[in-house]
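# Examining the three-dimensional arrangement
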Amino acid sequence: IAKKILSGEDAIERIEGLVSVIMPSYNTAPYIEETIQSVLNQTYTNIEIILVDDGGDDKCPDMCRGYAQKDDRVVYVRKENGGLTSARKKGLETITGDFVMYVDGDDWLEPQTVQRAVETSIKYDVDITLFGYKRVYEGVTFESSIFEGNQQFVGTEVQNLHRMLIGPVDSELAHVEKAERIVTTWGKLYRREIMDKAIFVSEREVGSSEDAIFNLGVFAVAKKCVYLDEFLYNYRKSNENSITKKYRAKLVRQWQCLYQHFERYIQENGLGQEYKIALNNRIALGMLGIGLNELESDKSFWKQAKYLRKVLKHPKWENAFKQLDFKYFPMKWKVFYSLCKYKQTELLLILLKIIRKLKTKIAR
C-alpha cells in the first residue's frame, strides 16, 4: 500500500491505497455539487466515489449521473428510498477500495482530508483514523475536537473508545457537549478489512445514534486507532431539510428502541459494569435532546411540561437519574439535569427555551 521514494535527503512516503468515499444522498440538490467537488478536488487522487441516491425526487439524481458519466472515479447507485443507514450499507456493498470514508451529501471535506487521513493510517498502522471537524452554521463556524491533541489508542485504550460509543463515564461528564462527537461514521477513515463487522440499524427504528451502533461493530475488532487533531470535515448545520431540524413525534419511542439495542449488545457480548453506567448516563443526558425536540411541537406550554414529566417518571429515566453522578458537571449542566432529576419540568422548559434561543442565535 505504501512505497518510499527519495526526494533530496528526505525519504518521502507515497501512499498508493485506493480510498472508497461513500456518499449517501437524498434530496440534497442545493449542496451535492459542493460535496462531490470537495472529494474530486482532494490532494490525494487515488479515490473512488460511491454516490448512493436513496430514491430522491429532486435534481440530485441527474446531477449525480452527470458526474458518473464524466469522471470514471465516480460510481452512481440508485436505490429505493430506505433511509440513510440503508444507503450507507448499499455503498459499502459497492466499494473496491483499501480504505473507506463516509461523507454525507450536504457536508464537505477540506482539500487535504483524504491525504492526511491515509498518511496517518499508514504511518501508525491503524485500523481507524479519527479526525476533528467543523460545525458550519450560517455565518459562523466552530471547530470541534474529539480529544485534546493527537493521540494513539491500543489495547484497553481502544476498548475505552468502544465504551465511549455507548456513553460517557466519570470525568467525561465534565464535557457533555463532546459526548456524541466520537460516534459519527463520517470524520473517520476505516481499513476495509474491519468493515464486515459494521452493524446496520435504521435511523427510522432508533431515531438517531445509528452511527454509534455501526461503530460498535468495527471498534470491537479494531486493534489500533489514532486521532488526528485537525479539522478536516465540514458538518453543515444550516440545512433546513435535516431530520434534526423537525419535530419528531416518535423520538422517545425510538430512543427506547435504541437503548434496547445497546442493552442487548452489552448483554450478548458480556460487557462490564462500566458499559451499563455509560448507557445510563446516555439515557440521562438524552433529556436535552428530548426537551429541545418537544419545544418544536405545537402543544401548549403546560402540555409540553406534562409530557416531559411523563417521560421522566418512566422507570428507565428515573433509574438513569438515580445513578447519574453530578459531581463532574459544570454548574450549567448541574442545574439542567437537577431539574430533570426532580421533574421540575416547567422550569426545565424555560431553560430549554433559553438554550434554543442561544442555538438559533448561533445559527444566524
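Below, the structure is looked at part by part.

How each quantity is defined
- Residues numbered from 1 in each chain as written.
- Predicted model: local features only at pLDDT ≥ 70, side-chain atom pairs only at ≥ 80, totals over all residues.
- Heavy atoms only, no water.
- Buried < 20%, exposed > 50% of the residue type's maximum accessible area, 1.4 Å probe, protein only.
- Helix = DSSP H or I, 4+ residues; strand = E, 2+ residues; numbered from the N terminus.
- Arc of directions from axis to C-beta.
- Pairing = 2+ DSSP bridges.
- Right-handed = clockwise from strand over helix to strand, strands pointing away.
- Salt bridge = Lys/Arg side-chain N within 4 Å of Asp/Glu carboxyl O.
- Phe/Tyr/Trp six-rings, centres within 6.5 Å; stacked < 30°, edge-to-face > 60°.
- Contact = heavy atoms within 4.5 Å.

### A look at helix α13 (residues 331-341)
If you check which residues of α13 are buried, you get W333, F336, Y337, L339 and C340. Buried residues of α13, seen end-on, are gathered within an arc of 150° and therefore sit on one face of the element. One or two positions beyond α13, positive phi appears at K343, with a value near 60°.

### Focus: the pairing of strand β3 (residues 19-25)
Burial runs high along β3: 7 of the 7 residues are buried. Because side chains alternate across β3, one face comprises the buried residues V19, V21, M23 and S25, and the other comprises S20, I22 and P24, equally buried. Where β3 and strand β4 (residues 47-53) come together, 7 bridges link them in parallel fashion. Each residue of the ladder has a partner; that of P24, found in β4, is V52. In this fold, β3 hands off to helix α1 (residues 29-40), which returns the chain to β4; that crossover is right-handed. Inspection of the sheet shows β3 paired to strand β6 (residues 99-102) by 4 bridges, in the parallel sense. Looking at β6, one finds that I22 is bridged to Y102.

### Regarding unusual backbone geometry
For D125, which is not a glycine, the phi torsion comes out positive at approximately 55°. Phi at K343 takes a positive value of approximately 60°, unusual for a residue other than glycine.

### A closer look at the pattern of salt bridges
Any two side chains of opposite charge can pair, so long as their charged atoms come close to each other. Scanning all chains against the criterion turns up 21 salt bridges. Of the charged contacts in the structure, one is a salt bridge between E230 and R116, with a shortest N-O distance of 2.7 Å. Here E230 is found in strand β12 (residues 224-236), whereas its partner R116 is found in helix α4 (residues 113-124), with 114 residues between them in sequence. Via salt bridges that share partners, R88, D104 and D211 belong to a single interconnected network.

### As for the pairing of strand β8 (residues 128-137)
Counting buried positions along β8 yields 9 of 10 residues, so the element is predominantly enclosed. Here β8 pairs with strand β11 (residues 188-191) via 3 bridges, running antiparallel. Bridge pairing links L130 to K188 in β11. Taken together, the 5 bridges between β8 and strand β9 (residues 140-144) define a ladder with antiparallel strand orientation. Note that in β9 the partner of R135 across the bridge is F142. Counting the residues that bridge the hairpin from β8 to β9 gives 2 residues, and of these G139 lies at a positive phi of roughly 95°.

### Points about the packing of aromatic side chains
On inspection of all chains with the given rule, the structure shows 18 aromatic pairs. On the basis of an interplanar angle of 70° and a centroid distance of 6.0 Å, the ring pair of Y190 and F214 is categorised as edge-to-face. Pair noted here: Y190 is in strand β11 and F214 is in helix α7 (residues 210-221), with a separation of 24 residues, a long-range link. The residues Y190 and F214 share a single accessibility class, namely buried. On the basis of an interplanar angle of 70° and a centroid distance of 6.1 Å, the ring pair of Y259 and W317 is categorised as edge-to-face. In this pair, Y259 is assigned in helix α8 (residues 251-268) and W317 in helix α12 (residues 315-323), connecting sequence segments 58 residues apart. Take Y259 and W317: they sit in the same class, and that class is buried. The structure contains a cluster of three or more aromatic residues connected by ring pairs, namely F321, F326, F329, W333, F336 and Y337.

### Thoughts on the environment of V21
Positionally, V21 belongs in strand β3. Ignoring any residue separated from it by four or fewer positions in sequence, one finds V21 in contact with V39, E48, I49, I50, M101 and V103.

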